[in-house]
Amino acid sequence: MPAAEPDLLREAPALAAPGSPAPDMLARVARSLLAERLPLADFVRQSWPIVEPGTALLGNWHVDLICEYLEAVHLGQIRQLIINMPPRFGKSSLVTIAFPCWEWTADPTLRFMFASYAQNLCTKHSLDRRRVLQSDWYAKQWPLVRLAKDENLKSRFQNTATGHMITAPVGGTATGLGGRRLIIDDLMNPKKSESLVERETALLHYKNTLVTRLDDAATSATIAVEQRLGNHDLTGTLTRQHHPPVKDDEQAGAHVVNGWTKLVVPIEANIRTRYTFPRSGREKVFEVGELLDARRKSKADIAEMLSGQTGMGTRMGAAQLFQSPQDTEGLRFKRDWWKYLKLQPLEVTRSIWVWDTATKKNEKAAWSVGIKILRFPGGVCFTDLVRQRVEFPALKRLVRNNFLSDPADLILVEDRSSGQQLIQELARPDDGSAPLPIIGTDEAFNKMEKEQRAALVEVHWEAGRVYILEGGAWVEPMIVEYAEFPDGQFKDRVDAGVHGVHYLLGQNLVEPHTEPYEEAGDLTA
């Protein structure tokens, strides 16, 4: 890997000084100049037994990807880098431990400052770095990088070239300290991320303390690595909760927003994602349903974490595992706006299946969604949901079969792209099958943006007119998608439900009234 020319001759003037230990100094300089310039990924592999003795390193494409982004920081190609990835996939080992030690092999004058949510975590990382720097392996490869004896503490140390590594955790002070590298590793405690006070304390530490300690904005760099905790964590604050654009059923794994290069690596791909390695140009396509590393976490492991059996649940799992957080209460459709039914309504006046179909017949990264909605005197009730990735022939069978097995008065389809063809072929089938009662959604409503459509009907949720039938596995994921709308990654369940509520209730709110069976216990709030 091409690297910046190391400044390893800073002690060279001493060679010419009278009485200096020239032979020993010359030998150390020569060994350093001849030392192999390891790519960061190789440095990680070789230093791993020092940091994690007795534990095998599980190499994976994401390790090489992150290493190349860090190398781009080293070369000055990236000045502000955010890395979002799930816990226990090596983020601290790569970013907070290996990378600083590796940078000193090229420039031991670099001064680092490290921040985390707790001093004990900062100290642990500091001890790991010091163990690498004081190892026989490191001393043999880069003999000029030596720690100063008079400045070698657990939480801060300096080398003989005046480079230092110091910690500045949340709640600590950084008066008089600074550097050209600011590395933030989980600024917020995942166990306390729900606390507004904890969040504000962490963000104020970043704004009022950390960013003021960089030596020179033109040559310094900031790296923030964290598992997402919510829309108001550090990443959300720095990038204003921005989501990457999706084009041709695919999104980029990294993009630049508000001056930050944001690299997002989820535990499993929910959408086809293309990663371009910034140094080698290598590409990795993370296919839908593919796991980041099944050796670390399998689909069964992920399902268990999302089920809530480990205490994480769907909402926190969306943030910490999939790096796609939702707002606690909901950005537009608040969680407590939903009302719940234990049994289906008794006085159904209208029933529909409403479908939001993928925009292309062969689209594999998008979902087709069907929701069964009942109109009754108290409002509307969502009673079933179907969500699959299918090509058009399978989509047509899916719509027909669900209608036949669970009939409704009408099938409502968003009138665009594959939806138009679906309407034509199911209303006038040419295969001898019976025609279905299927129509397109309102034309004027279709022309609006998703957020505009949602704004016109969300009042029905707020007024308590939208119910959901308890018990289905589809219920919580749907509520999650509504809660993070419009900033969430997916909007298909929202769009289908919005179309259905608009068709059944319209845009003008009618004051809801209490039904007799609510008092009888069939309806629970």
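Worth saying up front: this structure is predicted, and the values here are computed from it rather than measured.

Engineer: Can you lay out the overall build of the protein chain for me, pointing to particular residues and giving the numbers?
Structural biologist: In terms of helices and strands, the protein chain carries 18 helices and 21 strands. Counting the 525 residues in the protein chain, one finds 52% classified as buried.

Engineer: Can you explain the pairing of strand 1 (residues 80-84)? Please cite residues and give values.
Structural biologist: Each regular strand carries side chains that alternate between the two faces of the sheet. Burial analysis of strand 1 places four of its five residues in the buried class, the great majority of the element. Pairing of strand 1 with strand 7 (residues 221-226), which is carried by five bridges, proceeds in the parallel orientation. Across the sheet, the residue bridging to Gln80 is Thr222, located in strand 7.

Engineer: Describe the side chain of Gln227, with residues and values.
Structural biologist: Positionally, Gln227 belongs in the loop between strand 7 and helix 9 (234-239). In terms of polar contacts, Gln227 uses its side chain to reach the side chain of Gln320, at 2.6 Å. For Gln227, the residues in contact, after removing those within four places along its chain, are Met85, Pro87, Lys91, Asp186, Pro190, Gln320 and Gln323.

Engineer: So what's going on with the environment of Ser126? Residues and values would help.
Structural biologist: Within the element layout of this structure, Ser126 appears in helix 6 (residues 119-133). Classification of Ser126 by relative accessible area gives buried; the value is 1%. For Ser126, the residues in contact, after removing those within four places along its chain, are Lys154, Ser155, Arg156, Phe157 and Thr167.

Engineer: Provide a residue-level description of the pairing of strand 15 (residues 350-356), including the pertinent values.
Structural biologist: Most of strand 15 sits out of view: six of its seven residues are buried. Where strand 15 lies against strand 16 (residues 368-376), seven bridges are found, and the strand directions are antiparallel. Bridge pairing links Trp353 to Lys372 in strand 16. Relative to strand 18 (residues 410-413), strand 15 runs parallel, the two sharing four bridges. Along strand 18, the bridge assignment pairs Ile352 with Leu410.

Engineer: So what about helix 13 (residues 418-427)? Which residues, and what values?
Structural biologist: Burial in helix 13 covers these residues: Ser418, Gly419, Leu422, Ile423 and Leu426. Seen along its axis, helix 13 keeps its buried residues to an arc of 140°; they face one direction. On its buried face, helix 13 sits against helix 12 (392-405), strand 18 and strand 19 (438-440).

The rules behind the values
- Residues numbered from 1 in each chain as written.
- Predicted model: local features only at pLDDT ≥ 70, side-chain atom pairs only at ≥ 80, totals over all residues.
- Heavy atoms only, no water.
- Helix = DSSP H or I, 4+ residues; strand = E, 2+ residues; numbered from the N terminus.
- Buried < 20%, exposed > 50% of the residue type's maximum accessible area, 1.4 Å probe, protein only.
- Pairing = 2+ DSSP bridges.
- Polar contact = N/O pair within 3.5 Å; in protein donor to acceptor, adjacent residues only side chain to side chain.
- Contact = heavy atoms within 4.5 Å.
- Arc of directions from axis to C-beta.

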